[in-house]
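If you want the building blocks of each chain, they are given just below.
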Amino acid sequence: MYKPLFSKKRNPMDTDILNKAKYYCARAERSPRNLRLFLMRREVPSDEIDEYLALLQEGRYYDPQRYAESYARTRYRDMSQGPHKIRQALRMQEVPTEIIEAVLPEVIEAEQPNYSLAELLESKLRRTSARTPRALFDKMMRYGVGRGYHQSEVYEALQEVLQKMREEEEDNESEEE
């Protein structure tokens, strides 16, 4: 016969679980999805999870906007990910769309990435090979779009990188003569 893992009957809004959730949130910023999974693992009924989230948000242990800002800032500045990829990742973490749309433009406007899109493309171009120039161009476009940038941004940055490389080749040829 199946024996439940926890035979202790929980009273509504168990303070032990609430304290564990507070501690969990205090250690790092948590997404709505992570917090829901945390509470589900502790066998909190799904109809009570929203109550726990509201209490944690009221006590400022959990704030989806703060999480979204921190996540977007880190991904944009340190990992040089584009807005599309950041937006998708925040959606997967169940951050409300209104918060994503409010936070993302602010972060992109305020922060400077450690590497520009052109620098990322140039680095990738130097370590990539292809059979034809067209195949190389396609690889670079896929790389930039895969990083979360819009196709037009990638195209412009790639044109800039290719122009710079052509100028470097011309300079090298003129020095050899």
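Residues numbered from 1 in each chain as written. Predicted model: local features only at pLDDT ≥ 70, side-chain atom pairs only at ≥ 80, totals over all residues. Heavy atoms only, no water.

**Quick word on a negative patch on the surface**
Convention followed: Patches in this entry comprise residues that are over 30% relatively accessible and not in a salt bridge; like charges within 9 Å are linked, as are nonpolar side chains (Val, Leu, Ile, Met, Phe, Trp, Tyr) within 5 Å. Values of accessible area rely on a 1.4 Å probe in the Shrake-Rupley scheme; residue burial ignores everything except the protein chains shown. The salt bridge criterion pairs a side-chain nitrogen of Lys or Arg with a carboxyl oxygen of Asp or Glu, the two atoms within 4 Å. Only four residue types enter the charge count: Lys and Arg as positive, Asp and Glu as negative, with His and the chain ends excluded. Taken as the charge location is NZ of Lys, CZ of Arg, CG of Asp or CD of Glu. Helix numbering and strand numbering both begin at the N terminus, where a helix is a DSSP run of H or I of at least 4 residues and a strand a DSSP run of E of at least 2. The buried label applies to any residue whose accessible area, calculated with a 1.4 Å probe on protein chains only, is under 20% of its type's maximum; exposed applies above 50%, and partly exposed to all values in between.
Together, Glu167, Glu169, Glu170, Asp171, Glu173, Glu175 and Glu176 make up a region of like negative charge exposed at the surface. Mapped onto the fold, Glu169 is located in helix H9 (residues 151–176). Taking relative accessible area as the criterion, Glu169 reaches 47% and is therefore assigned partly exposed.

**Here we look at the packing of helix H4 (residues 64–77) against helix H5 (residues 83–92)**
Threshold: Between the N-to-C directions of two axes lies an angle of 0 to 180 degrees, each axis being a line fitted to C-alpha atoms and, for a helix, fitted only over the stretch in contact. Crossings are sorted by hand: turned counterclockwise from the far helix by less than a right angle, the near helix makes the crossing left-handed, and turned clockwise it makes it right-handed. We call two residues contacting when some pair of their heavy atoms lies within 4.5 Å.
Between H4 and H5, the least distance of the axes is 10 Å, while the angle of their chain directions is 145°. As H4 runs across H5, the sense of the crossing is right-handed. Seen from H4, the contacting residues are Tyr67, Ala68, Tyr71, Ala72, Arg75 and Tyr76; seen from H5, they are Ile86, Ala89 and Leu90.

**Brief notes about the side chain of Glu122**
Let me state the cut-off plainly: Pairs of N or O atoms within 3.5 Å make up the polar contacts considered here, provided that, within protein, one atom can donate a hydrogen while the other can accept it, and that residues adjacent in sequence are counted only when both atoms are side-chain atoms.
With respect to the secondary-structure elements, Glu122 resides in helix H7 (residues 117–126). Classification of Glu122 by relative accessible area gives buried; the value is 15%. Within polar-contact distance, the side chain of Glu122 engages the side chain of Lys164 at 3.4 Å.

**Examining the nonpolar core**
The line we're drawing: Among the buried residues, those of types Ala, Val, Leu, Ile, Met, Phe, Trp, Tyr and Cys that are joined through side-chain atoms within 4.5 Å form a nonpolar core.
In terms of nonpolar packing, the biggest core is built from 15 residues, with Leu117, Leu121, Val154, Leu158 and Val161 touching the most fellow members. Put simply, the parts of the chain that give this core at least two residues each are H7, helix H8 (133–146) and H9. With sequence-adjacent residues up to four places away left out, Leu117 is seen in contact with Tyr149, Glu153, Val154 and Ala157.

**Here's the deal with the packing of aromatic side chains**
Stated precisely, the cut-off is as follows: In this analysis, rings of Phe, Tyr and Trp, with Trp reduced to its six-membered ring, are considered paired at centre separations within 6.5 Å, and the interplanar angle assigns stacked below 30 degrees, edge-to-face beyond 60, and tilted for intermediate values.
Scanning the entire structure with this criterion turns up three aromatic pairs. Consider the rings of Tyr24 and Phe38, whose centres lie 4.2 Å apart with planes at 10°: the pair is stacked. Taken together, the residues span a long stretch of sequence, with Tyr24 in helix H1 (residues 15–27) and Phe38 in helix H2 (residues 32–41) at a distance of 14 residues. Taken together, a centroid distance of 6.0 Å and an interplanar angle of 80° make the contact between Phe137 and Tyr155 edge-to-face. Of this pair, Phe137 sits in helix H8 while Tyr155 sits in helix H9, and the two are 18 residues apart along the sequence.

**Describing the packing of H2 against helix H3 (residues 46–58)**
Test applied: Orientation labels follow simple angle bins: below 35 degrees gives roughly parallel, above 145 gives roughly antiparallel, 65 to 115 gives roughly perpendicular, and whatever is left gives oblique. Classes in brief: Ala, Val, Leu, Ile, Met, Phe, Trp, Tyr, Cys and Pro nonpolar; Asp, Glu, Lys and Arg charged; the others, Gly included, polar.
Packing of H2 against H3 brings their axes to within 10 Å, and their N-to-C directions diverge by 125°. Accordingly, the angle class assigned to the pair H2 and H3 is oblique. The way H2 lies across H3 gives a crossing that is right-handed. Facing H2, whose interface residues are Leu35, Arg36, Leu39 and Met40, H3 presents Ile49, Asp50, Tyr52, Leu53 and Leu56. In the contact of H2 with H3, the residues fall into seven nonpolar, no polar and two charged.

Geometric values such as these leave the question of function open.
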